[in-house]
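For reference, the chains in residue letters:
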Amino acid sequence: MIIDPIKQGLASGWDHRDGALLTEDLTLEADVAIIGSGAGGGVSAEILSQAGLKVLIIEEGPLKSSTDFKMMEKDAYPALYQESAGRQTADKAISIFQGRAVGGTTVVNWTTSFRTPDRTLDYWKENFAVEGFSAQEMLPWFLKMEQRLNIDTWKAPPNENNSILQRGLTKLGIPSHTIRRNVLGCWNLGYCGMGCPTNAKQSMLVTTLPAALNSGATLISRCRVEKIQFKSDQVVGLDCLALDASGNRPSGTKVTVKAKHYVLAGGAINSPALLLRSKAADPNKTIGARTFLHPVNAVAAEMPKRVEAYSGAPQSIYSDYFQQQDHAQEMGFKLEVPPLHPVLISIILGEFGEHHASLMQRYPRVHAMIALLRDGFHEQSQGGQVKLRDDGSPLLDYPITDYLWDGFRRAWKSMAETQFAAGAHRVIPMHLDSPVMGYSSWQEARREIDELPLQALRARLLSAHVMGGCAMGEDPKRSVVNSQGRFHHADNLWVFDGSAFPTSISANPQLSIYGLAAKQASGLAQRLTGTIPVSQSA
Amino acid sequence: MLSRRQLLKTGIAGVCMLGAARLAYGPFGENVSAYSSALSDQFQWLTPQRANIVSRFAPVMLQGAIPANNPARQQTLDEVVYGFDLAVSGLTPAIQKEVDQLFMLLELAPSRRLLFQVWDGWDHATDQQLADFLNAMKNHPIGLLQTAYAALHKLTMAAWYGNPKSWERIGYPGPPHHLFGGVS
Ligand SMILES: Cc1cc2nc3c(=O)[nH]c(=O)nc-3n(C[C@H](O)[C@H](O)[C@H](O)COP(=O)(O)OP(=O)(O)OC[C@H]3O[C@@H](n4cnc5c(N)ncnc54)[C@H](O)[C@@H]3O)c2cc1C
């Protein structure tokens, strides 16, 4: 029997309200109201509530826990992902995966943990006037969160999907490394993306949020913040809509929130969208601009032996070789592998009918590799712009420039070469114009990939690492919040989540967000209580 | 099938016509057969007419993946149509509206004829015609039609490969529920 810490906590008297069960309008008050309960919101909630402040956490998604996590894609995607895992850029060229549940995207992420690379931090300082984020200044915050979330090098052998990446790169003389993960007693199952059924993943759901609730915080789930109410240079309240049991539509019940301070942690895309919906001051049109996707392209390979890419820790090996050199003129990328479950792979293979069916029949022998492009560090990589649909829901317009296309092309080639080096029989770039059964040699792949049309909708592109849109920095002309995370145009509104990054991280972002939120929330706690928070004993 | 150039021409004309066609035909389109199955009274989004369109396309999308012979085939298809409905029901209102427009395009006779060269309604189209049509949409110069293909593809694939019945054929053992003493 797996003990469900959420069920236990609720039984012990946590103050949780389910928006879908509300029958009457409600007003809630707090010292600090936190919008969103993901990486940024969870860490902020723990630190602020342990500093003795009355914290209210407002989350649009449902409260689900290990008892509900059955490792089934058909249930997990609609329950735990933004837009049922169907979010896309405005032109539909890039599929965007983000979480939507108590615990945010950390409930469904794959546990890969990297500190923010030093040269990303340097870039922010030099180009965006970000202060206090040097590698030296950030180190204690990363150490603190690594300890809090049990982040450590993965000790078990990599699964075959990851081994292939390692073997192929070794054959080519390219270094690869073992990934660090935020797990405790991991069963090595491979279903992180559907919610951890054993509570081994140290997501916000089982770490910081329970700690905050134990310290007296209030959580309201299935409740969407619709508008931030501004009065001159102050936020005076939040207008929220309780959602119905489907979680997609307002039930008609309204929730009003009054707090002294407000922390926006709805994640990239949703945080800037809420500011836009609220008509927040935006004299320099910076809100929602510079939204980055760390965009991904992929190559599938048919291997001679079973890969079973659905089983085992999803990510344990990576290589930074293709982004280590100074790519002033070329887009760099990180190489990793994704776990493959039937719905995901069936959708990414763009064919239909017999061809599709015969590829699916090879599923246990399919290996897949992804390249994550380092967007945000070049004049031809300025990211996308968050806009609002007529109904106020967010939509990201993200142009794919020639510079990016060139990166995708080189990445398809590097991935294909690596897979052939590891012994692949055939290799298929995820592109509608690649041959149905792919290429059977590296020579053929190298030649043919050069001919693939670089066009939106033809290439299958994905993102699970949305960042930016509320960039931080000291220059209000180019940023939305200052280096402490305070909104430039209100004294009591703060942004502590992945939207505050001025570029992509150029690594999987969760630990960067934990570090940022720990630093910023501790700063806010100190400011509000006059003492350094106890929890900041890093 | 039409040449690429012809497709391009009729494609643009067809998309422009949609608005006019909607006015002329009202929201209901022409008569399309109604689909029903043991599961169809649980539909939240599909109308019997739209379910019928899904039930025509799904076996072509999933050719080779679903059982070839009745009654297993019919039962599988009924589950795919049901899964399709579930998948659409889980989408946000804004995305549901887009799927709604896609079905409008498929339902209305003028757009169906002009864009897809299907004259007598989906009921009468052969599997080959439907496959040609899907290929034409997939490779259509108009992005809108490529995205329409992607939407149909995604929803149908999710409806089938989310169903444990699809797993044996692809060699997927399913989640390790046995480690938890079976699934509740
Ligand atoms: C499948 C997948 C795998 C991933 N794997 C990894 C990995 O291995 N390593 C890694 O580093 N990163 C990974 N990530 C990314 C990482 O988890 C996220 O970048 C990170 O969680 C983002 O943190 P955040 O605080 O910015 O937002 P989130 O964690 O997304 O939290 C935001 C929360 O706010 C809520 N919200 C938004 N708007 C509102 C509103 N108006 N009202 C109320 N609530 C609102 C949302 O519902 C959501 O729950 C993965 C992502 C995905 C999708």
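Everything below is about the structure printed above this text.
Residue numbers here run from 1 along each chain, matching the order of that chain's written sequence. Working convention: letters from A go to chains and numbers from 1 go to ligands, in the order in which they are written. The predicted nature of this model means local features are confined to residues of pLDDT at least 70 and side-chain atom pairs, given and counted, to a pLDDT of 80 or more, with totals for whole chains, interfaces and linings taken over all residues. No hydrogens and no water enter the side-chain calculation; it runs on all heavy atoms of the structure.

1. So, the overall build of chain A
- For the purposes of this entry, the term helix denotes a DSSP run of H or I that reaches at least four residues, the term strand denotes a run of E that reaches at least two, and both are numbered from the N terminus. The helix and strand inventory of chain A stands at 14 helices and 24 strands.
- Overall, the C-alpha framework of chain A stretches about 65 × 55 × 45 Å when taken along its three principal axes.
- Any two residues having at least one pair of non-hydrogen atoms within 4.5 Å are treated as being in contact. Pairs at least 24 residues apart make up 75% of the contacts formed inside chain A by residues separated by at least 6 positions.
- Approximately 18800 Å² of chain A is accessible, and the part contributed by carbon and sulfur atoms is 49%.
- Positive charges are assigned to Lys and Arg, negative charges to Asp and Glu, while His and the chain termini are left out of the count. Charge coordinates come from a single atom per side chain, which is NZ of Lys, CZ of Arg, CG of Asp or CD of Glu. In chain A, 53 side chains carry a positive charge and 53 a negative one; their mean positions are 2 Å apart. Residue exposure ignores everything except the shown protein chains as possible cover, and the areas themselves are Shrake-Rupley values with a 1.4 Å probe.

2. Re the interface of chain A and chain B
- On the chain B side, the residues contacting the 44 residues of chain A number 44 residues.
- Summed over both partners, the accessible area (1.4 Å probe) lost when two parts come together is defined as the buried area. A combined buried area of about 3700 Å² lies between chain A and chain B, and 62% of that area is made up of carbon and sulfur atoms.
- In terms of surface lost to chain B, no three residues of chain A exceed Asn248, Ile347 and Phe352 of chain A, which account for 16% of the buried area on that side.
- What counts as a salt bridge is simple: a side-chain nitrogen of Lys or Arg found within 4 Å of a carboxyl oxygen of Asp or Glu. Applying the counting criterion to the chain A and chain B interface returns 2 salt bridges.
- Glu98 of chain B is the salt-bridge partner of Lys92 of chain A, the closest N and O atoms lying 2.8 Å from each other.

3. Description of the site of the ligand
All names here are of chain A.
- By convention in this text, a residue qualifies as near a molecule or strand provided that one of its non-hydrogen atoms is within 4 Å of it. The full set close to the ligand counts 40 residues, and Gly40, Glu59, Thr105, Thr112 and Gln510 are the nearest of them.
- N or O atoms within 3.5 Å of each other form a polar contact, as long as, within protein, one can give a hydrogen and the other can take it, and as long as residues adjacent in sequence are counted only when both atoms are side-chain atoms. Taking Glu59, its side chain carries an N or O atom lying 2.7 Å from an oxygen atom of the ligand.
- Out of a free accessible area of 1000 Å², the ligand has 97% covered by protein chains.
- Of the residues forming the shell around the ligand, the biggest block, 3 residues, is contributed by strand β11 (residues 223-231).

4. Structural notes on the side chain of Arg87 of chain A
Residue and element names in this part refer to chain A.
- Tracing the backbone through its elements, the reader meets Arg87 in strand β4 (residues 87-88).
- The class of Arg87 is buried, set by a relative accessible area of 5%.
- A polar side-chain atom of Arg87 sits 2.7 Å from a polar atom in the side chain of Gln98.
- Discounting chain neighbours no more than four positions away, the residues touching Arg87 are Gln82, Ile94, Ser95, Ile96, Gln98, Ile269, Asn270 and Pro394. Here's how the labels work: a residue is buried when its accessible area is under 20% of the maximum for its type, exposed when over 50%, partly exposed in between, all with a 1.4 Å probe on protein chains only.

5. Brief notes about the packing of aromatic side chains
- When two rings of Phe, Tyr or Trp (its six-membered ring) have centres within 6.5 Å they constitute a pair, described as stacked for plane angles under 30 degrees, edge-to-face for angles over 60, and tilted for the intermediate range. Throughout the structure, instances matching the rule amount to 25 aromatic pairs over all chains.
- Ring centres of Tyr77 of chain A and Tyr81 of chain A lie 5.3 Å apart, and the angle between their planes is 90°; on these two criteria the pair is classed as edge-to-face. For the residue pair Tyr77 of chain A and Tyr81 of chain A, the accessibility class agrees, reading buried in each case.
- Centroid distance Tyr123 of chain A to Phe377 of chain A: 4.9 Å. Interplanar angle 65°. Geometry classified as edge-to-face. Taken together, the residues span a long stretch of sequence, with Tyr123 of chain A in helix α4 (residues 118-128) and Phe377 of chain A in the loop between β18 (366-373) and β19 (385-388) at a distance of 254 residues.
- The class for Phe377 of chain A is buried, based on a relative accessible area of 12%.
- The structure contains a cluster of three or more aromatic residues connected by ring pairs, namely Tyr310 and Tyr363 of chain A together with Trp167 and Tyr172 of chain B.
- We count a charge as sitting over a ring when the NZ of a lysine or the CZ of an arginine lies within 6 Å of the ring centre and within 35 degrees of the ring normal. We note Arg181 of chain A situated over the ring of Trp154 of chain A; from NZ or CZ to the ring centre the distance is 4.4 Å.
- Looking at Lys334 of chain A, its charged tip hangs above the ring of Phe114 of chain A, at a distance of 3.8 Å from the centre.

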